[in-house]
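Residues per chain, in single letters:
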Amino acid sequence: MTTDSHIVRVAGVTKSFQLGKLTVDALKGIDLEISAGEYISIMGPSGSGKSTLFNMIGGLDKPTAGKVYIDEVDVSQLDAYELAWLRCRKIGYIFQTFNIIQVMTALENVTLPMTFAGIGGDEAVDRGMALLETVGLADRFQHKPFELSGGQQQRVAVARALANDPAIILADEPTGNLDLTTGEEIIALLKELSSDRQVTVISATHDFKMLNVSDRVVWIRDGRVDKIENRDELSISIGEIGTRG
Amino acid sequence: MHRLVVLPFRKSVEIALKSIQVRFFRSLVTTLSLVLAIAFLSFVNVGNDVANGLLATGHGEWFRLLVDAGYDLSPGDLRVDSSPKQRWIVILSLLVCVVGIINAQLMAVTERFREIGTMKCLGALDRFILRLFFLEAGLQGIIGALAGALLGGGAALLSAWLRYGVAAIAEVSWGGVLASLGFAVVAGCILSLIGVFYPALVAARMQPVEAMRVEQ
Ligand SMILES: Nc1ncnc2c1ncn2[C@@H]1O[C@H](COP(=O)(O)OP(=O)(O)O)[C@@H](O)[C@H]1O
Ligand SMILES: [Mg+2]
């Protein structure tokens with residue numbers, strides 16, 4: 001391993017969907033390297049292929065061509081058990097629609113991935129409570145999802161994503177269903193986690209509030225990487241958006 | 001790459017129970033057709049048990065009452081066995097019940113696509129999902145079948161009492177009735193598990209990407 005090892009490497013990934021006779025090329029050749037601890041935003045308009053790329057990186061879907069490596073392991077070579085392990089231990093997912101499991105309380109949602117990882121009983125409860133504390137919801141641990149606001153549900157989802165100390169957090173439009181302020185709170189929370197815990201955060205979004213906290217921004221358009229900007233180059237783009245908007 | 005992901009049995013029972021509790025109405029609908037079909041099965045069988053108890057006494061009085069009640073008996077018969085017609089109706093009702101369960105469970109799976117997909121994103125294996133659905137169906141089966149068996153058996157005894165009088169109840173062989181109820185409960189559980197087989201397979205095979213779909 002080199003010192004500059006990449007936790008995620010996407011090499012020549014394409015993805016086509018077959019819709020009857022029509023072929024939709026959602027990704028047309030993506031190359032991307034992400035180092036451990038980075039905060040990456042994948043920016044692009046709706047339909048540009050963000051979610052599709054997100055699913056490839058998360059091992060939720062298989063590329064039509066090309067490879068995705070997590071910790072230099074080719075994800076397509078993993079069997080069902082290894083994939084489950086990867087999803088359980090290595091990656092934490094955050095969804096636009098929160099996806100809190102409706103029949104479980106906030107605490108049970110957070111401890112479910114721990115159960116899968118073989119951690120049960122008091123240890124899981126202690127860790128779950130600590131995580132809920134981190135996201136500022138310790139007093140709501142017994143609440144069911146429908147008793148929580150969207151922002152609170154997303155906080156539970158963040159805590160759940162952290163359940164097994166993953167190396168990577170994947171978030172697809174985490175602020176897409178939230179209002180401005182709540183969205184900012186979630187972004188701040190993700191940023192805090194990335195700097196405090198050295199978690200790699202990869203977030204697909206078209207929310208420009210994400211720009212401020214990102215180490216790098218990958219702009220994709222029409223299934224291709226348009227440009228990749230480091231934080232110090234970003235002010236230019238933000239300026240452009242400012243003048244445009 | 002490691003590969004150990006677990007779900008302790010006790011935990012799966014806990015989740016299954018919770019699911020039934022929270023989706024109580026849906027569980028009730030799924031279970032109701034089972035309750036009715038098993039009640040019918042148990043009504044027929046316990047009814048026959050009562051008739052057999054009466055015939056075993058050898059009194060001509062009982063014999064006449066039974067023939068009046070519609071039993072196909074020839075002189076000298078000491079047992080009633082379920083007639084082919086009766087058997088067909090019972091089998092048909094059980095078939096309809098299984099189809100009803102499959103239908104209700106398929107709808108439940110569709111409703112729960114996001115939940116299942118999310119669980120898979122959290123590391124659940126296909127067989128955890130299978131186990132959850134079978135556990136839920138098994139629990140619903142036991143509860144529904146027990147309710148149905150008692151309901152049908154109770155109704156059969158009540159109607160015997162009304163038709164033949166209190167003395168008839170005294171002649172009933174309780175071992176036979178218990179066996180009929182036990183048979184009904186077992187049959188109910190099996191039907192519930194048969195009904196969930198295909199829906200559970202659909203759920204277990206679902207891809208985790210489904211959890212990502214935004215449209216409801
Ligand atoms: N399962 C699918 N079947 C067919 N087409 C799809 C599917 N998923 C995505 N697409 C298409 O791929 C393109 C990219 O979609 P997506 O990755 O969801 O974009 P974004 O997340 O950036 O809005 C769109 O044109 C979309 O219609
Ligand atoms: Mg999307």
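A short tour of the structure in this document, coming up. All of these numbers come straight from a predicted model, not from anything done at the bench. (Residues numbered from 1 in each chain as written. Chains lettered and ligands numbered in written order. Predicted model: local features only at pLDDT ≥ 70, side-chain atom pairs only at ≥ 80, totals over all residues. Heavy atoms only, no water.)

**Details of the overall build of chain B**
So, step 1. Secondary structure assignment for chain B yields 8 helices and 0 strands.
So, step 2. When its helices and strands are written in sequence order, chain B yields α-α-α-α-α-α-α-α.
So, step 3. In summary, chain B has a C-alpha radius of gyration of 22 Å against a globular reference of 17 Å for 216 residues, an excess of more than 25%.
So, step 4. Over its C-alpha atoms, taken along the principal directions, chain B stretches across nearly 80 × 30 × 25 Å.
So, step 5. Of all 216 residues assigned to chain B, the portion counted as buried reaches 47%.
So, step 6. A total accessible area of about 11100 Å² is found for chain B, and carbon and sulfur atoms account for 69% of it.
So, step 7. Computed over 18 positive and 14 negative side-chain charges, the separation of the two mean positions in chain B equals 13 Å. (Helix = DSSP H or I, 4+ residues; strand = E, 2+ residues; numbered from the N terminus. Rg over C-alpha atoms; globule rule 2.2 N^0.38 Å. Buried < 20%, exposed > 50% of the residue type's maximum accessible area, 1.4 Å probe, protein only. Areas by Shrake-Rupley, 256 points an atom, 1.4 Å probe, with all protein chains shown as cover. Lys, Arg positive; Asp, Glu negative; His and termini not counted. Charge placed at Lys NZ, Arg CZ, Asp CG, Glu CD.)

**A few points about the interface of chain B and chain A**
So, step 1. At the junction of the two partners, chain B supplies 31 residues and chain A supplies 33 residues.
So, step 2. Around 3000 Å² of area is buried between chain B and chain A when both sides are counted, 70% of it from carbon and sulfur atoms.
So, step 3. The tally of links between chain B and chain A comes to 1 salt bridge.
So, step 4. Put simply, Glu108 of chain A and Lys18 of chain B hold a salt bridge, and the shortest N to O gap is 2.5 Å.
So, step 5. Where chain B touches chain A, the interface holds 6 residue pairs in polar contact (both at pLDDT 80 or more).
So, step 6. Residue contributions to the side of chain B that touches chain A peak at 6 residues, all from helix α5 (residues 113-121) of chain B.
So, step 7. Tallied by class, the residues present in the side of chain B that touches chain A amount to 19 nonpolar, 4 polar and 8 charged. (Contact = heavy atoms within 4.5 Å. Buried area = accessible area lost by both parts, 1.4 Å probe. Salt bridge = Lys/Arg side-chain N within 4 Å of Asp/Glu carboxyl O. Polar contact = N/O pair within 3.5 Å; in protein donor to acceptor, adjacent residues only side chain to side chain. Nonpolar A, V, L, I, M, F, W, Y, C, P; charged D, E, K, R; others polar.)

**A word on the packing of helix α6 (residues 126-164) of chain B against helix α8 (residues 174-205) of chain B**
Residue and element names in this part refer to chain B.
So, step 1. Interaxial distance between α6 and α8 falls to 7 Å at its minimum, and their mutual angle equals 150°. Overall, the two elements α6 and α8 adopt an arrangement that is roughly antiparallel. Here α6 runs over α8; the crossing is right-handed.
So, step 2. Looking at the contact of α6 with α8 residue by residue, the class counts come to 23 nonpolar, 5 polar and 1 charged. (Axes fitted to C-alpha atoms, helices over the stretch in contact; angles between N-to-C directions. Parallel < 35°, antiparallel > 145°, perpendicular 65-115°, else oblique. Left-handed = near helix turned anticlockwise from the far one by under 90°.)

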